[in-house]
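As a plain string of letters, each chain reads:
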Number of protein chains: 2
Amino acid sequence: MAPPSEGGADALLPDLPKGPLQAYRSRASFCWKELALFLEGEDVLRLKKTIFSTLENDPLFAHSHGEELCLEKCRELSFLRCQRLLELSFLSMEDMVASPLLVQTLIACLGMYDWSLGLKFLLHMLTFGSAIYSSGSERHLKYLPKIFNMEIFGCFAVTELSHGSNAKAVRTTAHYDPTTEEFIIHTPDFEAAKFWVGNMGKTATHAVVFAQLYTPGGQCHGLHSFVVQIRDPKTLLPMPGVMVGDMGKKLGLNGVDNGFAMFHKVRIPRQDLLNRTGDVTPEGTYVTPFKDDKQRFGASLGTLSFGRVTIVGMSIVNLKLAVSIALRFSATRCQFGPTDGEEVPVLEYQMQQWRLLPYLAAIYALDHFSKSLFLDVAELQQGLAGADHGARQAELGREIHALASAGKPLASWTAQRGIQECREACGGHGYLAVNRLGDLRNDNDPNCTYEGDNNVLLQQTSSYLLSLLARHIQGGARVESPLRTVDFLEAYPDILGRRFTCPSVDSCLDSAVPLAAYEWLVCYLLRESHQKLTQEKRSGSNDFEARNNSQVYYCRPLALAFLELTVVRRFHEYTHQPHVPPGLRAVLGRLSALYALWSLSQHTALLYQGGYFSGERAGKMIQNAILDLCSKLKDDAVALVDVIAPPDFVLDSPIGRADGELYKNLWTAVLLESKVLERPSWWAEFSIRKPRMGSLKSKL
Amino acid sequence: MAPPSEGGADALLPDLPKGPLQAYRSRASFCWKELALFLEGEDVLRLKKTIFSTLENDPLFAHSHGEELCLEKCRELSFLRCQRLLELSFLSMEDMVASPLLVQTLIACLGMYDWSLGLKFLLHMLTFGSAIYSSGSERHLKYLPKIFNMEIFGCFAVTELSHGSNAKAVRTTAHYDPTTEEFIIHTPDFEAAKFWVGNMGKTATHAVVFAQLYTPGGQCHGLHSFVVQIRDPKTLLPMPGVMVGDMGKKLGLNGVDNGFAMFHKVRIPRQDLLNRTGDVTPEGTYVTPFKDDKQRFGASLGTLSFGRVTIVGMSIVNLKLAVSIALRFSATRCQFGPTDGEEVPVLEYQMQQWRLLPYLAAIYALDHFSKSLFLDVAELQQGLAGADHGARQAELGREIHALASAGKPLASWTAQRGIQECREACGGHGYLAVNRLGDLRNDNDPNCTYEGDNNVLLQQTSSYLLSLLARHIQGGARVESPLRTVDFLEAYPDILGRRFTCPSVDSCLDSAVPLAAYEWLVCYLLRESHQKLTQEKRSGSNDFEARNNSQVYYCRPLALAFLELTVVRRFHEYTHQPHVPPGLRAVLGRLSALYALWSLSQHTALLYQGGYFSGERAGKMIQNAILDLCSKLKDDAVALVDVIAPPDFVLDSPIGRADGELYKNLWTAVLLESKVLERPSWWAEFSIRKPRMGSLKSKL
């Protein structure tokens with residue numbers, strides 16, 4: 001990519017308002033516009049600008065300053081905005097196919113504005129739409145234009161009241177009746193009610209329902225998906241036999257109507273079975289191209305990966321917003337100082353830097369990972385669409401599944417912890433709802449749970465690594481993968497023999513040092529996990545027990561360390577490539593080193609335990625390097641936020657506005673709240689009715 | 001304390017309902033009623049029963065099932081309930097003075113029901129009331145009956161829009177005018193508006209206002225507090241010259257009306273200066289019994305400690321509720337199993353045990369610490385009230401201040417992380433508002449911030465320890481304190497020479513092992529912090545810089561480790577005392593060991609770095625001991641929850657009810673939500689108005 005013209009940068013990235021943040025901006029070591037262009041490219045920046053300015057100029061997207069919205073209103077607004085997105089059609093089908101990064105950008109932009117809207121739109125268009133497209137066949141294509149026109153509105157119904165993580169065990173049934181050529185969808189009892197389904201609560205007319213498929217004679221063929229109409233699009237009233245409702249208030253994302261449904265012998269045409277992986281003939285015979293259930297399940301990994309990779313991106317969006325707010329606050333909030341009269345911005349404190357700057361670095365490293373993984377998934381899906389069933393394609397599917405299954409936990413947890421740190425780092429002002437950190441935390445929280453509980457998902461990644469090791473040990477197979485994330489394991493015994501060597505703190509300031517440490521760490525945890533599993537089995541545990549007893553200190557940190565290594569490696573390579581503009585090399589190198597060292601420092605105990613570190617110096621060197629990098633990045637922090645923060649309208653946080661007029665903005669926002677200066681409606685309860693102390697005590 | 005009679009236990013602690021939790025209850029190693037009686041005593045249990053049953057039987061305290069409450073309504077309810085508490089008068093003045101633990105119990109019970117109510121009541125009765133009592137003199141006693149009768153309603157106004165942590169720098173002024181014998185309270189500009197003041201938003205009629213006191217001639221005597229009337233009790237309208245308003249929605253605690261106020265030359269009588277530490281004569285001369293500002297400030301440490309110790313208790317209440325919900329859920333939620341047909345409770349998974357049981361142990365250890373520290377503070381305050389100005393009293397004040405200043409961070413962070421873990425451990429169901437984990441997280445969050453930001457507060461504790469060390473090094477002073485929490489430091493050089501020795505995992509299963517490790521850790525961090533500060537100063541830093549650059553990896557972990565040691569020591573001693581009933585020794589010992597080892601394991605890196613641990617075995621032994629204790633406590637977990645959980649009405653979480661009928665309770669609760677099965681009011685927007693894809697695209 002050639003460096004874009006200055007003119008282009010200025011048109012796409014307008015100057016930021018002058019104000020108190022100027023002091024830090026003028027000390028930045030680089031030009032924020034140059035970095036934005038380098039990271040995003042003109043196409044992405046143009047799309048972002050279009051989306052953000054369109055939302056800002058449309059009253060339907062106006063923020064409800066001070067007005068309290070009830071649940072019904074939140075959901076109405078999300079729905080109306082969804083409709084409007086359709087009319088606005090920011091991306092054509094051709095754009096989407098041609099550039100997956102634009103799809104990711106669209107999702108991120110909507111999420112920056114409000115994840116309820118982003119998610120509602122995503123669930124309908126992408127989750128529901130692509131479930132039909134990728135699990136169905138030609139006979140289901142008829143649904144697609146209806147989806148895109150919102151003639152119908154969709155949801156994706158897997159989980160039930162009593163089954164979440166163990167989705168394969170859901171209990172909704174689909175019995176085939178050859179006499180009418182229909183499936184009978186049935187919920188045996190309320191514990192099998194579909195539960196937690198986004199869009200199902202109030203809006204969905206159609207659901208992709210997962211149910212156990214039975215053919216006549218009573219044979220069960222496992223989980224399949226069916227298109228089931230649940231409401232009449234003309235009235236939004238439920239279809240006969242369907243009990244469908246809204247789950248009520250959640251901790252966040254209250255613009256999305258999560259719902260439940262019970263089916264009482266609801267009949268649907270045979271054709272509404274999504275039959276990519278298995279079908280039933282009119283006479284009632286089950287046919288499938290796959291040998292067994294396991295293989296059939298494996299074929300759907302790509303779709304699962306897409307959901308998880310999307311959540312990686314969603315989490316990073318939340319962290320970007322929170323860190324932008326907290327760092328702009330920290331650069332303008334002054335408290336204490338060397339003398340009584342002189343107060344300094346809290347960003348000048350080493351403690352505040354250490355609390356926030358590693359999360360800023362994490363954003364840059366994880367964002368790069370998220371984009372690159374999104375492109376990997378797009379490649380995988382294009383291969384699947386092209387019916388590429390080769391061995392490489394299967395291997396790619398497994399590798400991406402492993403990356404996505406640990407990437408979602410890492411990103412969602414990093415965001416959750418980072419947002420909490422930002423909330424606390426903004427003190428009381430971070431606790432005021434109008435500053436948005438609460439919504440960010442609440443809206444990010446389900447990222448730790450949906451599309452798979454984080455701790456459960458990590459098992460997918462460790463199992464992948466352990467299976468590679470087993471193949472290597474048993475059959476001598478080369479350890480390699482299409483994206484080369486595991487290739488280093490080929491040098492496994494050699495790496496385990498390495499020890500930390502670093503002559504000085506200065507030489508620690510590059511991500512090459514933590515990268516080497518991470519390679520050792522993953523090899524160590526892989527060996528330890530393998531030995532632990534073997535030992536468990538030797539002492540009589542069955543597979544289930546052996547796996548369960550090897551998670552806490554073995555497989556779980558293995559999966560996380562492997563993913564961190566991959567994130568660190570990809571960002572290290574990206575920031576060290578020759579075509580990085582000279583003016584950006586220093587700052588990108590520091591971000592890469594800070595993220596890597598900070599992540600690594602969470603494993604210091606293991607590095608010592610396994611003997612990679614020894615002596616006091618190793619641990620202290622890492623600590624000193626982290627603090628040194630924080631101090632070097634401190635003056636770049638505001639400019640680094642300018643690169644990732646959306647415009648003020650979208651960021652929507654008085655203490656995080658680009659002009660840095662912290663107190664003016666906050667004061668104005670508080671005065672805009674409803675009835676702020678009015679006495680309470682219940683004033684007479686205080687003034688007239690006077691309680692008598694202990695008057696009800698005798699009743700106790 | 002003699003073991004109470006069985007009859008007493010049964011009357012105070014009714015049997016729990018039968019149901020799915022019975023399986024675990026029947027496997028418990030101890031009798032939960034015996035443990036409850038041992039820990040709490042009959043008086044506390046009786047008070048709890050009275051409070052809980054009174055709330056449950058009064059419709060004013062009924063929960064708003066499914067009904068959405070607007071901000072105004074939340075605040076009205078809190079206020080009305082406050083009034084009712086006054087009428088109910090659970091504790092007489094005599095009870096409170098005679099038994100501080102009953103005061104703590106009352107606060108905890110109200111908080112278990114709803115912290116908005118607890119806090120509103122506390123702010124008025126205790127914070128406002130005791131500020132007047134302890135900072136004022138005889139002439140202010142007239143306010144007390146008015147407070148207890150709610151003739152007036154109070155708030156405590158220190159922080160301003162631009163000053164929180166650095167409270168001493170607040171900018172509100174109080175100029176004395178001898179011609180009228182009045183103070184003129186004035187806010188120089190909106191950045192000096194009082195901000196974040198609980199109860200000020202809608203209800204308070206009077207505020208204790210902190211302002212810089214100026215005498216004629218313009219001399220400033222520093223911060224003093226004044227009673228300022230801000231609203232007319234007859235109308236709840238603001239007094240002339242006072243602009244007072246409500247700050248709007250917060251992340252939680254929305255039943256408390258936090259507010260702001262600006263004073264425009266508001267005149268108050270000279271007598272309304274709270275003059276315990278300094279006064280102004282009618283002619284305008286400043287008089288004080290203290291030599292300097294610093295000494296005057298020191299005299300107020302006791303009051304600060306009370307607030308912080310109260311927050312320790314508040315945090316533990318939140319963690320108790322969250323862990324009760326998550327453990328009852330985990331004992332009844334089945335997912336996966338050794339075979340396809342058979343699913344096991346998620347509590348059977350080592351991972352789930354490791355996520356939750358350490359927090360259960362933390363509750364028991366921290367609760368004991370909280371009670372004992374509350375008694376210490378009560379002793380201190382009685383000494384102060386008795387005008388005991390001896391050296392021991394001063395030392396006691398400093399020690400308690402150090403304990404409270406790190407106790408609040410440790411308890412609030414443990415609760416915050418624990419609640420988040422509970423939320424995630426309950427999967428999607430934990431994300432449903434009705435299950436209460438969101439409210440607990442949101443209501444606990446400000447505990448990390450108010451009464452001092454956690455990270456800032458920790459400096460008070462490390463400074464205390466460093467000053468003891470300095471006195472010891474410089475003058476050879478004995479290291480000792482009234483509560484003996486620092487006495488072990490006398491053996492400082494000896495302790496630093498110790499190394500981890502533990503023959504087997506079994507011998508690690510007692511808290512004596514982590515206790516010894518903690519002593520080493522605190523000594524190590526104390527030496528390191530001292531050296532770091534010295535080195536910073538040697539290389540040219542001034543005091544301000546030296547202190548700031550020694551926090552992250554030195555003073556901060558020092559303060560936390562010292563406090564953890566104190567918690568571990570106190571609980572170790574409590575659980576190992578001879579009069580622990582035989583049937584409770586095993587379970588209490590395990591809780592003590594688990595909390596101690598789990599806390600310690602967060603410092604493993606330092607234990608290796610400093611050489612206390614060496615070799616692979618030490619780290620693994622701690623890990624194995626933690627997992628072993630989790631597995632041993634697993635069958636006791638439900639009974640341990642029964643000891644700490646309030647009745648179902650107060651716990652108010654369908655997935656956490658004592659009968660363990662997880663799905664029935666959740667299903668019923670969801671169906672009770674408002675309009676759950678109705679179509680949305682805006683259905684026609686979907687059914688009639690059909691968007692045309694891209695129809696607005698040209699406008700972009």
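Per chain, residues are indexed from 1 in the order of the written sequence. Chains and ligands are labelled sequentially in the order written, the chains with letters from A and the ligands with numbers from 1. Local features in this predicted model are restricted to residues whose pLDDT is 70 or higher, and side-chain atom pairs enter the listing and the counts only when it is 80 or higher, whereas totals over whole chains, interfaces and linings include all residues. Side-chain measures were taken over the full set of non-hydrogen atoms in the model, leaving aside hydrogen atoms and water.

Undergrad: Where do I start with the overall build of chain A in this structure?
TA: When you go through chain A residue by residue, the secondary structure sums to 26 helices and 11 strands. Computation of the radius of gyration draws on C-alpha atoms alone. For the globule rule, the value is 2.2 Å times the number of residues to the power 0.38. Compactness check: chain A gives a C-alpha radius of gyration of 27 Å against a globular reference of 27 Å for 700 residues, within 12% of the reference. Counting only C-alpha atoms and orienting by the principal axes, one finds that chain A spans roughly 90 × 80 × 75 Å. A sequence separation of at least 24 residues applies to 75% of the contacts in chain A between residues at least 6 apart. Note on areas: Shrake-Rupley with a 1.4 Å probe; residue coverage comes only from the protein chains shown. Accessible surface for chain A amounts to roughly 24,900 Å². Of this, 54% is attributable to carbon and sulfur atoms. Note that His is not counted, nor are the chain ends; the positive residues are Lys and Arg, and the negative ones are Asp and Glu. One atom stands in for each charge, and that atom is NZ of Lys, CZ of Arg, CG of Asp or CD of Glu. Averaging the positions of the 71 positive and the 75 negative side-chain charges in chain A gives two centres separated by 5 Å. Secondary structure counts use DSSP, requiring at least four H or I residues in a row for a helix and at least two E residues in a row for a strand, with both numbered from the N terminus. Should any heavy atoms of two residues lie within 4.5 Å, those residues are considered in contact.

Undergrad: Whenever I open this one, the pairing of strand S6 (residues 219-229) of chain B confuses me. Can you help?
TA: Strand residues, when the strand is regular, have side chains that alternate between the two faces of the sheet. Residues and elements named next belong to chain B. Categorising residues by exposure relies on relative accessible area from a 1.4 Å probe, with only protein chains included: less than 20% of the type maximum marks a residue as buried, more than 50% marks it as exposed, and the intermediate range marks it as partly exposed. Along S6, 8 of the 11 residues are buried, which leaves the element largely enclosed by surrounding structure. When strand S5 (residues 206-215) meets S6, the two strands line up antiparallel, connected through 9 bridges. Counterpart to alanine 211 in the pairing with S6 is histidine 224. Counted along the chain from S5 to the antiparallel partner S6, the turn is 3 residues long, and its residue glycine 217 has a positive phi close to 100 degrees. Paired strands are those between which DSSP finds at least two bridges.

Undergrad: Mind showing me how you'd approach the packing of helix H19 (residues 551-575) of chain A against helix H22 (residues 615-633) of chain B here?
TA: When two helices pack together, you describe them by how their axes are tilted relative to each other and by the distance separating the axes. Two elements in contact, H19 of chain A and H22 of chain B, have axes separated by 11 Å at closest approach and are oriented at 110 degrees. One finds that H19 of chain A runs roughly perpendicular with respect to H22 of chain B. Listed contacts from H22 of chain B to Val552, Tyr553 and Tyr554 of chain A of H19 of chain A are Lys620, Gln623, Ile626 and Leu627 of chain B. Looking at the contact of H19 of chain A with H22 of chain B, its residues break down into 5 nonpolar, 1 polar and 1 charged. Axis lines are fitted through C-alpha atoms, for helices just across the contact stretch, and the angle between N-to-C directions can take any value from 0 to 180 degrees. When describing relative orientation, an angle under 35 degrees is termed roughly parallel and one over 145 degrees roughly antiparallel, while 65 to 115 degrees is termed roughly perpendicular and anything else oblique. As a working rule, the residues Ala, Val, Leu, Ile, Met, Phe, Trp, Tyr, Cys and Pro are called nonpolar, Asp, Glu, Lys and Arg charged, and the rest polar, with Gly in that last group.

Undergrad: Is there a simple way to explain the packing of helix H12 (residues 391-425) of chain B against helix H14 (residues 454-475) of chain B in this structure?
TA: Residue and element names in this part refer to chain B. Direction vectors running N to C along H12 and H14 enclose 140 degrees, while the axes themselves pass 8 Å from each other. Between H12 and H14, the angle is such that the two are oblique. At the point where H12 passes H14, the crossing takes the left-handed sense. On H14, the residues touching Glu395, Arg398, Glu399, His401, Ala402, Ser405, Ala406, Lys408, Pro409, Ser412 and Trp413 of H12 are Asn454, Asn455, Leu457, Leu458, Gln460, Thr461, Tyr464, Ser467 and Arg471. Among the residues forming the contact of H12 with H14, the class breakdown is 7 nonpolar, 8 polar and 5 charged. Helix crossings get a hand from a simple test, with the near helix turned counterclockwise from the far one by less than a right angle marking a left-handed crossing and a clockwise turn marking a right-handed one.

Undergrad: What's the story with the UniProt feature "active site" (unreviewed entry) in chain A in this structure? I'm lost.
TA: UniProt positions are given in the numbering used here, feature names are shortened, and annotations may be inferred rather than shown by experiment. Residues given the UniProt feature "active site" (unreviewed entry) here are Glu451 of chain A. The topology assignment puts glutamate 451 of chain A in the loop between helix H13 (437-444) and helix H14 (454-475).

Undergrad: When you look at the interface of chain B and chain A in this model, what are you seeing that I'm missing?
TA: Often, the extent of an interface is quoted as the loss of accessible area on bringing the components together. Taken together, the contact pairs 147 residues of chain B with 147 residues of chain A. At the boundary of chain B with chain A, total buried surface from both sides reaches about 13,300 Å², with 60% on carbon and sulfur atoms. The rule for a salt bridge is simple: a side-chain nitrogen of Lys or Arg has to be within 4 Å of a carboxyl oxygen of Asp or Glu. There are 10 salt bridges connecting chain B and chain A. With its nearest N and O atoms 3.5 Å apart, the salt bridge here joins arginine 689 of chain B to glutamate 87 of chain A. We define a polar contact as two N or O atoms separated by no more than 3.5 Å, with the added condition that, inside protein, one atom must be a possible hydrogen donor and the other a possible acceptor, whereas residues neighbouring each other in sequence contribute only through side-chain atom pairs. Inspection of the region where chain B meets chain A yields 84 residue pairs in polar contact (both at pLDDT 80 or more). When residues in the side of chain B that touches chain A are grouped by element, the largest group, 11 residues, is from helix H4 (residues 71-88) of chain B. Here the quantity called buried area is the accessible surface, traced with a 1.4 Å probe, that two parts lose on coming together, added over both.

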